Amino acid sequence: MIEGPATEIVCVECGGTAHLISVPPPDEPFVPGDVVAYRCSDCMERLDLVYEVEETEDPEGWTR
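Residues numbered from 1 in each chain as written. Predicted model: local features only at pLDDT ≥ 70, side-chain atom pairs only at ≥ 80, totals over all residues. Heavy atoms only, no water.

A. Molecular detail of the sheet that holds strand E3 (residues 35-40). Strand order in the open sheet made by the four strands is E1-E2-E3-E4, with antiparallel pairing throughout. Single-partner strands in this sheet number two, and they are strand E1 (8-10) and strand E4 (46-50). Strand-to-strand twist in this sheet, taken as the mean axis angle between neighbours without regard to direction, amounts to 35 degrees. The sheet contact formed by E3 and E4 spans five bridges and is antiparallel. Residue pairing in the sheet places Val36 in a bridge with Leu49 of E4. (Pairing = 2+ DSSP bridges. Helix = DSSP H or I, 4+ residues; strand = E, 2+ residues; numbered from the N terminus. Axes fitted to C-alpha atoms, helices over the stretch in contact; angles between N-to-C directions.)

Spelled out as structure tokens, the structure:
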């Protein structure tokens, strides 16, 4: 199951904590390829990232 983008990331500008500020439309989750925005609480820099889901393989060989 796809969880959605992380609510917090490390700011690439200052190393502080950047918080997710993007909100998906009602009843529509984020999907891979969406641009999501974060704002750093330390340097106030805005970070726009493309939401991607890394495919993983579980021990039984299923790709999800």
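Read on for the rest.
B. Region of the structure containing the pattern of salt bridges. Tallied over the entire structure, the rule returns one salt bridge. One salt bridge in this structure joins Arg46 and Asp48, with 2.8 Å as the shortest N-O distance. For Arg46, a relative accessible area of 44% corresponds to the partly exposed category. The exposure class assigned to Asp48 is partly exposed, which follows from its relative accessible area of 46%. (Salt bridge = Lys/Arg side-chain N within 4 Å of Asp/Glu carboxyl O. Buried < 20%, exposed > 50% of the residue type's maximum accessible area, 1.4 Å probe, protein only.)

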